[in-house]
Amino acid sequence: MIDSLILQDLYIYPVKSLGGIRLTEAATEKRGLRHDRRWLLVDERNQFMTQRQTPAMALLRVAPAYNGFLLTHSQRPDLLPLYIPFEATPERTLFVTIWDDMVFGWRGSREADEWLSEALGQVCKLIYMSDMVRRDVDPNLNPEGQLVSFADEYPFLLIGQSSLNDLNSRLTDPVLMDRFRPNFVFSGGAAFSEDAWEQFRIGEVTFRAVRPCARCVMTTVDQQTSLRTPTGEPLRTLATYRSVGKKVMFGQNVTTTEKGLLRVGSAVEVLSLKS
């Protein structure tokens, strides 16, 4: 008997590399889930910031609020919650760099810049990606012309719960799924069964698994404490059995051209496998 596959968790990360929000339903749009990674922090040189260089970003929690979200610092009760709307306005603009892309962004409020600079102990600015911005997925692997937000490369990331369970069975200290920042977590199926998927459907929306996701040092940051694991786990263990060339793979990068509403508890149906 084949296990049924169920959408177990849905996550968005309104600000790249800050805390996520678990949702019961979410809409797919041109560049990912609605409100996912549309905000970005940049430094004084307008270069994007992540937990790779600034692990203290893990301490900034995100909670839903009316037409936006609240930021809090888990270790700084003196910093009052900061409200940020889901969308910015174009009064202040800036060109910013994320990986090899330079994109046009709308700046958040001066209050937000000051709050975030105080929270992280360095000057930073909050930037919003408007619908006018075009940032393309790698065209060699993107015949649909899919766009992407401030996510690293692809608009969606899928991981099976069984895959994390397999990893944790090999670790002395198990880790939570938040180390890997997925959008979709499904239950059922064998560990890493998602590696073989090509087309799959969640509810009424069809997706394409493009390629495995290469993992980095960010997976070694404890999302509760912001401390890096001194042993290099879980990346070190993953490297022993999930390496392809010089990259360590965990999860699948995913695209879709369809708009629809996804709900936790929906069936996940595999339509085709990679040849």
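Residues numbered from 1 in each chain as written. Predicted model: local features only at pLDDT ≥ 70, side-chain atom pairs only at ≥ 80, totals over all residues. Heavy atoms only, no water.

### Observations regarding helix H1 (residues 110–120)
Taken residue by residue, H1 has Ala112, Asp113, Trp115, Leu116, Ser117, Ala119 and Leu120 as its buried positions. On the buried face of H1, the contacting elements are strand S5 (39–42), strand S6 (60–65), strand S7 (68–73), strand S8 (82–85), strand S10 (101–107) and strand S11 (125–128). Count one or two residues on from H1 and you reach Gly121, which has phi positive near 70°. (Buried < 20%, exposed > 50% of the residue type's maximum accessible area, 1.4 Å probe, protein only. Helix = DSSP H or I, 4+ residues; strand = E, 2+ residues; numbered from the N terminus. Contact = heavy atoms within 4.5 Å.)

### Side note on the layout of surface pockets
Roughly 630 Å³ of internal volume is contained in the largest pocket. In this structure, the largest pocket is lined by 28 residues; those nearest its centre are Arg52, Asp152, Glu153, Cys213 and Ala214. When residues of the lining of the largest pocket are traced back to their parent elements, those giving at least two are strand S12 (156–160), strand S15 (205–215) and strand S17 (247–255). Sort the elements by how many residues they give to the lining of the largest pocket and S15 lands first, with five residues. Looking at side-chain class alone, the lining of the largest pocket contains 13 nonpolar, five polar and ten charged residues. Volume-wise, the second largest pocket comes out at about 240 Å³. (1 Å grid on protein atoms, 1.4 Å probe; cavity = no way out; pocket = protein on both sides within 12 Å on 5 of 7 lines; lining within 4 Å. Points joined across faces, edges and corners; volume = space filled by probe spheres on them. Nonpolar A, V, L, I, M, F, W, Y, C, P; charged D, E, K, R; others polar.)

### Comments concerning a nonpolar patch on the surface
A cluster of nonpolar residues, Phe95, Met102 and Phe104, forms a patch on the protein surface that exposes about 330 Å² of accessible area. Its location among the elements puts Phe104 in strand S10. (Patch = residues over 30% accessible without salt bridge, like charges linked within 9 Å, V, L, I, M, F, W, Y side chains within 5 Å. Areas by Shrake-Rupley, 256 points an atom, 1.4 Å probe, with all protein chains shown as cover. Salt bridge = Lys/Arg side-chain N within 4 Å of Asp/Glu carboxyl O.)

### Comments concerning the environment of Met249
Along the chain, Met249 falls in strand S17. The class for Met249 is buried, based on a relative accessible area of 11%. When the C-alpha atoms of Met249 and Leu238 are compared, they prove to be 7.7 Å apart, with eleven residues separating the residues in sequence. Beyond its immediate sequence surroundings of up to four residues, Met249 is in contact with Pro212, Cys213, Ala214, Arg215, Arg242 and Val244.

### Some points on the pattern of salt bridges
Taken as a whole and judged by the stated rule, the model has 20 salt bridges. For Asp101, the salt bridge identified is with Arg135, shortest N-O distance 2.8 Å. On the criterion of sequence distance, the pair formed by Asp101 in strand S10 and Arg135 in the loop between S11 and S12 is long-range, its members being 34 residues apart. On the accessibility criterion, Asp101 (28% relative accessible area) is partly exposed. In this structure Arg135 comes out as buried when scored by relative accessible area, which is 4%. Ionic pairing is found between Asp113 and Arg107, a salt bridge with its closest N-O pair at 2.7 Å.

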